[in-house]
Amino acid sequence: MELLTMPRADDVVASARRIGEEVAGRCAEVVDRDSRFPSETVAGLRSSGLLGALVPHELGGPEASLQEMSQAVSALAQYCASSALVLAMHQIQVATLMRHATNEARVALAPRLLSGELLLASANSEVGLGGERRSSLCALEPTEGGFRLDKQASTVSYGEFADGVVATARRGPESRANDQVLAVCLPPSLELDPTGEWDTLGLRGTRSRPCHLVAEVPPEMVVSDYADAFMRTSLPTSAVLLSSVWWGLAEAAGQRAHSSVRSKARKERMSGAEPSLRGAFRLAELGVLLHQMREVLAGGAAAYDRSKDSPEVATFQFSSRMDNVKLSSSTLVLDIAQRAMGICGLGGYENGSQTSMGRIMRDAAAAPLMVNNDRALEATAQALLVMKEL
Ligand SMILES: Cc1cc2nc3c(=O)[nH]c(=O)nc-3n(C[C@H](O)[C@H](O)[C@H](O)COP(=O)(O)OP(=O)(O)OC[C@H]3O[C@@H](n4cnc5c(N)ncnc54)[C@H](O)[C@@H]3O)c2cc1C
């Protein structure tokens, strides 16, 4: 097992920031312009050991916490949100598999994650279901040695560049829509054929194309209780890590607004005038929202790290709290980016300027859609019918 490049858990954030500065930031514009996969950045994630950062100690990994991974994703998103989303989506799968897969699967997958050779994509969304999180149309069909899965996946980010795809499916052809399992689909028993394009407003580097997935899945590569895995791990890690991308975008917007305000003040001072406080006033207001964003993320990630092994994590209350992290962050980021644009003025509106908000605003526009905020609100609304506390 290659552990030489593996960061210690407390180096995870520094590694992500370094990759952001040295690689992701330098190719972010062209990744966005050409809607191409950020392969240089992902090569950096592979060689730094970051892909295996959540692998637990018992399997030879650094067992980074969700708080650390959230900060790492946010640090990377400040340079390239597409790259950060790749890291976030991969880690949601890793977290889920390391906690819920069979022991055989965990032992087989961990060394490949640690050596950086296994980038995992996900195929949850399905043609005909929209963004419904807890239902599937496709089903595992029993075969001689295991199962066969045939899925029309509506969106598989970086599917063509991944080394495996983790897919939701019904347990069997006779199962109800919400009786789901999670299937780890690996080459050579995996065929993934794109059936459409990915030409979007933002997050263009994620290459999230619709795909036809066909796989043979051995029994040990099936997580048999997805309802449990979803509630305990997939939902909270997805809420926190997707939100960390929005947080990173908000930080980037704040930094650009701050630099615009300081540069104007410098120019005013140099011309002998007293710097106007108008922009700084708006920036102070933006800082209040950024503070909320940081607290929401820090609180959500810490709550998960604290409760992940307790029964609390499997309660409606906890799931609603995690959904609230995503609901808050996905609306705050849009507000912050809009305010930052107001502070930067034309420099913010211009493409290619030092303080351009173009890519940030386009990337952030996906925040309420991915997973649609109405889905999370509906889940909370349903829970509130029986929950005693808000
Ligand atoms: C950048 C990006 C990357 C993605 N990558 C992946 C990936 O790798 N793997 C993957 O599986 N998916 C991925 N997705 C898909 C994502 O997880 C959601 O499935 C998708 O964004 C939802 O698409 P939708 O808006 O068409 O669907 P919906 O969630 O169906 O929303 C459409 C509309 O329907 C309304 N609506 C319909 N039914 C309900 C209901 N019951 N409750 C509440 N509202 C309802 C919503 O309000 C909304 O207005 C990605 C999406 C994006 C934007």
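Residues numbered from 1 in each chain as written. Predicted model: local features only at pLDDT ≥ 70, side-chain atom pairs only at ≥ 80, totals over all residues. Heavy atoms only, no water.

### Examining the side chain of S234
At step 1: For S234, the position within the fold is in helix α6 (residues 226-270).
At step 2: In this structure, S234 is in contact with I92, T96, Y226 and A229, ignoring residues within four places of it in sequence. (Helix = DSSP H or I, 4+ residues; strand = E, 2+ residues; numbered from the N terminus. Contact = heavy atoms within 4.5 Å.)

### Some words on the sheet that holds strand β3 (residues 147-156)
At step 1: Spatially, 4 strands are ordered β2-β3-β7-β6 in an open sheet, and the strand pairing comes out antiparallel. Two strands bound the open sheet, and with one partner strand each, they are β2 (141-142) and β6 (190-194).
At step 2: Sheet topology places β2 next to β3; 2 bridges connect them, and they run antiparallel. Residue pairing across strands places E141 opposite R148, the latter belonging to β3. (Pairing = 2+ DSSP bridges.)

### Remarks on empty space enclosed by the protein
Remark: the empty space left among the atoms is shown by a probe the size of a water molecule rolled over them.
At step 1: Throughout the structure, instances matching the rule amount to 2 cavities of 30 Å³ or more.
At step 2: Every residue lining the largest cavity is listed: R133, L235, S238, A239, L242, D323, K326, M370, V371, N372 and A376.
At step 3: The residue makeup of the lining of the largest cavity, split by class, is 6 nonpolar, 2 polar and 3 charged.
At step 4: Roughly 50 Å³ of internal volume is contained in the second largest cavity.
At step 5: A28, V31, D32, C80, A81, S82, L203, R204, G205, R359 and D363 together form the lining of the second largest cavity.
At step 6: Those elements that provide at least two residues to the lining of the second largest cavity are α1 (12-34), α4 (81-100) and α10 (358-364).
At step 7: If you tally residues by element for the lining of the second largest cavity, the top one is α1, at 3 residues.
At step 8: Shared between two domains, the lining of the second largest cavity takes at least three residues from each, and those domains are domain 1 (9-118) and domain 2 (122-224). (1 Å grid on protein atoms, 1.4 Å probe; cavity = no way out; pocket = protein on both sides within 12 Å on 5 of 7 lines; lining within 4 Å. Points joined across faces, edges and corners; volume = space filled by probe spheres on them. Nonpolar A, V, L, I, M, F, W, Y, C, P; charged D, E, K, R; others polar. Domains from an automatic or database assignment.)

### Observations regarding the nonpolar core
At step 1: Core analysis: the biggest nonpolar cluster contains 114 residues, and M69, L109, L149, C185, L213, V245 and W246 have the highest contact counts within it.
At step 2: With 17 residues, the single largest contributor to this core is α6. (Core = buried A, V, L, I, M, F, W, Y, C linked by side-chain atoms within 4.5 Å. Buried < 20%, exposed > 50% of the residue type's maximum accessible area, 1.4 Å probe, protein only.)

### Side note on the pairing of β3
At step 1: Here β2 folds back onto β3, and the loop between the two strands holds 4 residues.
At step 2: Relative to strand β7 (residues 209-217), β3 is paired through 8 bridges, and the arrangement is antiparallel. Counted as the bridge partner of A153 is C211 from β7.

### A short note on the pattern of salt bridges
At step 1: Counted by the stated rule, this structure contains 23 salt bridges.
At step 2: Between E22 and R18 there is a salt bridge, and its shortest N-O distance comes to 3.9 Å. Here the residue E22 and the residue R18 both occupy positions in helix α1, the gap between them amounting to 4 residues, near one helical turn.
At step 3: Looking at R18, the relative accessible area reads 39%, which means it is partly exposed.
At step 4: With its nearest N and O atoms 2.8 Å apart, the salt bridge here joins R112 to E117.
At step 5: Overlapping salt bridges, with partners in common, bring together E160, E197, R207 and R209 in one network. (Salt bridge = Lys/Arg side-chain N within 4 Å of Asp/Glu carboxyl O.)

### Brief notes about the environment of L120
At step 1: One can find L120 in strand β1 (residues 120-123).
At step 2: A residue is classified by how much of its surface remains accessible, and L120, at 0% relative accessible area, is buried.
At step 3: In this structure the C-alpha to C-alpha distance between L120 and L51, which are 69 residues apart in sequence, comes to 9.2 Å.
At step 4: In this structure L120 touches H90, Q93, V94, L97, L113, Y158, G164 and V166, once residues within four positions along its chain are discounted.

### Describing the site of the ligand
At step 1: Taken together, 20 residues lie around the ligand, and N124, S125, S157, D374 and R375 are the ones closest in.
At step 2: Taking L369, its main chain carries an N or O atom lying 3.0 Å from an oxygen atom of the ligand.
At step 3: Residue R375 places a side-chain N or O atom 2.7 Å away from an oxygen atom belonging to the ligand.
At step 4: Notes on the ligand: free accessible area 960 Å², of which the protein chains cover 69%.
At step 5: Of all the cavities here, the one that holds the ligand is the largest pocket.
At step 6: Listed by contribution, the elements that provide at least two residues to the shell around the ligand are α4, β1, β3 and α11 (373-384).
At step 7: Tallied by class, the residues present in the shell around the ligand amount to 8 nonpolar, 9 polar and 3 charged.
At step 8: Composition of the shell around the ligand by domain shows at least three residues from each of domain 2 (122-224) and domain 3 (227-384). (Near = heavy atom within 4 Å. Polar contact = N/O pair within 3.5 Å; in protein donor to acceptor, adjacent residues only side chain to side chain. Areas by Shrake-Rupley, 256 points an atom, 1.4 Å probe, with all protein chains shown as cover. Sits in = over half its atoms within 2 Å of the grid points.)

Purely spatial values, then, with no claim about function.
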